[in-house]
Amino acid sequence: MNDLELFPYPKNRLQKTDLDLAASLQDLVQKEIVDKRLELKEDYQGLLRPNLDKLLVEVGLQRMFWPEDLGGEEHNGPEAAYTVAAALEQVGRADTGLAYLAAHNLALQAALAMRENLDREACARFAPLFCDGRGPMIVSFILPVFGEDEKAPAWRGKSFQVKARSASGGWVLEGKGIRPTCSGADATLFGAWCAVEGEEAPAFILVPGDAPGLSRGPEFKKTGLAASRNADLDLSGVEVPAENCLFRGDLEYRRLLSWFYLGITATTVGGLLAAYQILKEWGDNRVIKGTGNIFKENPLTGALMGEIAQDISMSRLLAYDLAGMLADPSSFGDAGSDMVYTSALMIVHQVLATAERALHRTMELMASAGYAKEWQLERYWRDLKTVQCYVGSHELAKHDFSRWFYGARTL
Amino acid sequence: MRTIDDFTRPLEYVSPMDGLLGSIFRDWVEREVMPYRRRFDEDYRDHRLIHPPFKKLLGEYGLQRMIFPEDLGGWGMGRSNYMCTAAFRMFEEIARADTGMALAFGALFWPFLFIALEPHENRRLLEEFAPMFCETTEAVFAALCMTEPQGGSDIENIEIVKGSTIRTTAVLDGDEWVINGHKLWPSNTGGLAKLMAVVCTTNPGSDDPRDIAVIYVTSDTPGVTQGPPYEKAGMAADMNSDVWFENVRVPSWYRACGPGDDAKYFGEIMSTGNMGIIAWISGAMMNIYERLTEFVNRKKFRGLPLKENDAVAGVLADFAAHIEAIRIVGYQCARMCDRHDLYGPLWDPGLVAKTRAQRYLAMDRFIEVTGRVMNLMECFGADRDWDVEKHWRDLKILQLVEGSKQLCQIETARWFYECTTL
């Protein structure tokens, strides 16, 4: 049995195409990434960027949702949630950073091209960028963060990073020291949740990476996610057409985030599965000299390995539960509804917290091999902690949970 | 405005040198380390940035001399009853800037514990090695070579394994030891160490503690090879590598304490190592407190500083509470290591077990609360410029130094519950 199949998931709900895609991705990433990791480590030019091209362009993840007549695969029914989960856990197993970037791309596609909410005009404008085969679309989001100006317009307490104003049939965007969710140094398209001057409703506006007035700071160092070359941005009088505003409402914004959180959850499960494979090799071969036990046969270490497997298993089930909610709006409601959004937020936080614990324990079991780059485990630990930070504060996310479950109004 | 100095330092415990050492180290850290530390990760192989501050601290200020007797040019701390409480303060101040430097600094003294402490001071060896450290203004590093490829941290588990897994051999040939073996991970290797204490067996496979030998080897002895530094998740200032010994010959009197005693006094490495780890945690937490305070004052939520949100304040309070508790536990640990008249000898298995327990508890708490702090800081928590993530990476490594967490648990359970088969 394939060792990844040891962790159950609702295989019966996946279509044959999903299973085939997962299988081919499993082979591809094993050959192109996992087998080359020891030699290339996290080299962006040598390992990560070429594989970003392969995954998004050659495999076609960036064409998945778009209508066929616009060059896409038109796999844009809600059941695509399972496809996203199955694909990103395979990519995440190979490299969490690549999967994290793909999660951005897929979430934007879902927001624009999902069959039930398909925005035909927007698709016609943006699908060619994703489907013309010219190169990978590196999508990044600009979301509200903790700002430093107490008077800055805010969304649920956090400051908008971009201010938009309507001018001569388009939008003019301003912002300084903007921290995007990924790839500030090389994203080709930014999706910004902007405060709109003189209006209450924010706007989600797409900004091409080469827009005049958009400047990128130097790539900064961070804990992990080498595939995401992040940098802060300035937007100075950036003009974009009116049509670049994809939506104005919270419902659509939450829909985007629900899909984004599904992608991140699956990415995280992929990282956990990689950690499992690394620990399994260790546990199968390491001998505790004092007692002569194979590592996995020691009662203490064996129990801890069992607990880690439990964490991985539960996380995988949760990821597919979330996919199931997004795949069945008739039972659970729109992906942007309060219930689905809150569930997505809870699941992504739960799985990331579980992953943090499981990775800590895996490192503890492997001792120095856990933190030596040679054994490849520590990168998943760094990557997933970085993802957790970018998803946002669990402490404040709990307010969203309370709003839904207890009807809290002022949090 | 509150500062790190407002956290409780148990004044009943501090060494007579505490204030002086604190100000020297604080000043050195601010001037020589803080401006450069964010670039240390990429300096793991060459130590171009890391070495100059070490030269100042160890060579020019002379800290590398402190464990040697005064009449040999040292500061005589090996004979004091405040070595560990003084070290706690020094370790804490260095770790505030960089835990890797703090570990490298502490590990420099491990090899000398066998020969510089009462009642097993080895005068002849001290006289032999003191000039190397006391008559220079260059930084000189020493390393204790324990871990081996086949056994991982088993060697550190000396109480139960009793040296039976050691593969590095020492054979007496006339008036010389001939050493052969392969060590992994010693701090201060990768070409840094000028002197090594090597844990060997004189009778491979034996579980008789008298067959464990700690033997000194200078790194320029023919047959000694230090490999290139390992690349790790952090702790760049703590340089580690493979070390090979091929027919290395040293005088027979280079053995530290002799049959039985080398194994017995190995416990001193564990006790002081555990104490050091708590000090390094405490120091790192001080710096996280500083950076976190700046963050929650600067960053706003609902128009107010982040710290004014009740939910956030809960996380901040937990972090401060852990600093208070961990520092007090750490000083208590240091005191226990210093006051043999009250707590028993430094090598005593009970003291080793208690310091193990204190260490792993402190580390577990650190990892949990610092993980929450990073998450609270959202995308900035993973940002090198905010420094918290560096401490988080570095201390995870530190958790696994001198044996994994599970080894700490086993040793603790073995002593407190008198387990006989663990």
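All values derive from a computational prediction rather than experimental measurement. (Residues numbered from 1 in each chain as written. Chains lettered and ligands numbered in written order. Predicted model: local features only at pLDDT ≥ 70, side-chain atom pairs only at ≥ 80, totals over all residues. Heavy atoms only, no water.)

## Description of the interface of chain B and chain A
To keep things clear, this is the line we draw: Any two residues having at least one pair of non-hydrogen atoms within 4.5 Å are treated as being in contact. Buried area is calculated as the accessible area (1.4 Å probe) missing from two parts once they are joined, with the contributions of both summed. Here, a salt bridge means any side-chain nitrogen of Lys or Arg that lies within 4 Å of a carboxyl oxygen of Asp or Glu.
Listed per partner, the contact involves 51 residues of chain B and 50 residues of chain A. Note on chain B versus chain A: buried area summed over both sides is about 4,600 Å², and carbon and sulfur give 61% of it. Broken down residue by residue, the surface that chain B buries against chain A is led by Asn375(B), Glu378(B) and Trp392(B), which jointly contribute 15%. Viewed at the interface, chain A and chain B are joined by eight salt bridges.

## Examining the layout of surface pockets
The condition is simple: Here a cavity is any set of points on a 1 Å grid over the protein atoms alone where a 1.4 Å probe fits but cannot get out, and a pocket is any open set with protein on both sides within 12 Å along at least 5 of 7 lines; a residue lines the site when it has an atom within 4 Å of a point. Grid points are joined across faces, edges and corners, and a volume is the space filled by probe spheres set on the points. Secondary structure is summarised from DSSP: a helix means a run of H or I of at least four residues, a strand means a run of E of at least two, and numbering begins at the N terminus for each.
By volume, the second largest pocket amounts to about 780 Å³. Along the wall of the second largest pocket there are 29 residues; nearest its centre are Glu42(A), Lys373(A), Arg382(A), Glu42(B) and Arg384(B). Ranked by residues supplied to the lining of the second largest pocket, first place goes to helix α12 (residues 377-391) of chain A with three residues.

## Quick word on the pattern of salt bridges
What counts is decided by this rule: A 1.4 Å probe rolled over the protein chains alone gives each residue an accessible area, and that area as a share of the maximum for its type sets the label: buried under 20%, exposed over 50%, partly exposed in between.
The final tally for this structure, using the stated rule, is 75 salt bridges over all chains. One salt bridge connects Glu79(A) with Arg115(A), and the closest N-O pair in it is separated by 4.0 Å. Here Glu79(A), found in the loop between α3 (44-58) and α4 (80-94), pairs with Arg115(A), found in the loop between α5 (96-113) and α6 (120-131); they are 36 residues apart in sequence, far enough to count as distant. On the accessibility criterion, Glu79(A) (24% relative accessible area) is partly exposed. When its relative accessible area of 47% is taken as the criterion, Arg115(A) is described as partly exposed. For Arg89(B), the salt bridge goes to Glu93(B), with nearest N and O atoms at 3.0 Å. One end of the pair is Arg89(B) and the other is Glu93(B), both in helix α3 (residues 83-97) and four residues apart, which spans about a single turn. For the residue pair Arg89(B) and Glu93(B), the accessibility class agrees, reading buried in each case. A single network of salt bridges, built from pairs that share partners, joins Glu148(A), Arg37(B), Arg38(B), Arg291(B), Glu294(B), Arg298(B), Lys299(B) and Asp387(B).

## Some remarks on the packing of aromatic side chains
Rule in force here: Any pair of Phe, Tyr and Trp rings, taking the six-membered ring for Trp, is counted once the centres come within 6.5 Å. Such a pair is stacked with planes under 30 degrees apart, edge-to-face with planes over 60 apart, and tilted for the rest. Working rule: Lys NZ or Arg CZ, within 6 Å of ring centre, within 35 degrees of ring normal, means a charge sits over the ring.
Applying the stated rule across the entire model yields 39 aromatic pairs over all chains. Through a chain of ring-to-ring contacts, three or more aromatic side chains come together here, namely Tyr100(A), Phe141(A), Trp155(A), Trp193(A), Phe204(A), Phe247(A), Tyr253(A), Phe260(A), Tyr261(A) and Tyr341(A). It is Lys158(A) that lies over the ring of Phe146(A); its NZ or CZ is 5.4 Å from the centre. Directly above the aromatic system of Phe380(B) lies the positively charged group of Lys299(B), at a separation of 3.9 Å from the ring centroid.

## Looking at unusual backbone geometry
Going from Glu118(B) to Pro119(B), the amide bond is cis rather than trans, its omega being 5°. Here Glu74(A), not a glycine, exhibits a phi torsion of approximately 55°, which is positive. For Glu74(A), the position within the fold is in the loop between α3 and α4. The class of Glu74(A) is partly exposed, set by a relative accessible area of 38%. Phi is positive for Glu378(B), which is not a glycine, with a value near 50°. Within the secondary structure layout, Glu378(B) lies in the loop between α11 (349-376) and α12 (388-399). Given a relative accessible area of 4%, Glu378(B) falls into the buried group.

## Here we look at helix α10 (residues 338-366) of chain A
Residue and element names in this part refer to chain A. Where we set the bar: The span one expects for a helix is its residue count, reduced by one, times 1.5 Å.
When the terminal C-alpha atoms of α10 are compared, their 42 Å separation across 29 residues agrees well with the 42 Å that a helix rising 1.5 Å per residue should span. Extensive coverage of α10 is indicated by the burial of 22 of its 29 residues. Ala367 occupies a position one or two residues after α10 and carries a positive phi of about 50°.

## A few points about empty space enclosed by the protein
Residue and element names in this part refer to chain B. Scanning the model with the defined rule gives four cavities of 30 Å³ or more in all. In this structure, the largest cavity occupies an estimated 480 Å³ of space. Quantified by volume, the second largest cavity comes out at close to 200 Å³. In terms of lining residues, the second largest cavity is bounded by 15 residues, among which Met83, Ala87, Phe91, Phe109 and Leu113 are the most central.

## Describing α12(A)
Residues and elements named next belong to chain A. Its 15 residues give α12 an end-to-end C-alpha distance of 22 Å, which sits within 8% of 21 Å, the value for a rise of 1.5 Å per residue. Burial runs high along α12: 15 of the 15 residues are buried. One or two steps after α12, the chain reaches Gly392, where phi turns positive at roughly 120°.

## Points about the pairing of strand β1 (residues 141-145) of chain B
Along any regular strand, the residues point their side chains to alternate faces of the sheet. Residue and element names in this part refer to chain B. Just so we agree on the cut-off: The pairing criterion is simple: DSSP has to find at least two bridges between the two strands.
Within β1, five of the five residues are buried, which leaves the element mostly enclosed by the surrounding structure. When β1 meets strand β4 (residues 193-201), the two strands line up parallel, connected through five bridges. Across the sheet, the residue bridging to Cys145 is Val198, located in β4.

## Concerning the domain arrangement of chain A
All names here are of chain A. Let me state the cut-off plainly: Residue ranges for the domains trace back to a domain assignment, done automatically or taken from a database. We call two N or O atoms a polar contact when they sit within 3.5 Å, provided that within protein one can donate a hydrogen and the other can accept it, with sequence-adjacent residues counted only if both atoms are side-chain atoms. Ten residues, namely Ala, Val, Leu, Ile, Met, Phe, Trp, Tyr, Cys and Pro, are considered nonpolar, four, namely Asp, Glu, Lys and Arg, are considered charged, and the remaining ones, Gly among them, are considered polar.
Partitioning chain A into structural domains gives domain 1 (3-136), domain 2 (141-247) and domain 3 (250-406). The straight-line distance from the C-alpha centre of domain 1 to that of domain 2 is 25 Å. On the domain 2 side, the residues contacting the 20 residues of domain 1 number 17 residues. Summed over the shared surface of domain 1 and domain 2, the result is zero salt bridges. At the boundary of domain 1 and domain 2, one finds four residue pairs in polar contact (both at pLDDT 80 or more). Of all elements in the fold, only α3, α5 and α6 reach the threshold of two or more residues within the side of domain 1 that touches domain 2. By residue number, the principal contributor to the side of domain 1 that touches domain 2 is α5, which donates nine residues. Class assignment for the residues of the side of domain 1 that touches domain 2 results in twelve nonpolar, three polar and five charged.

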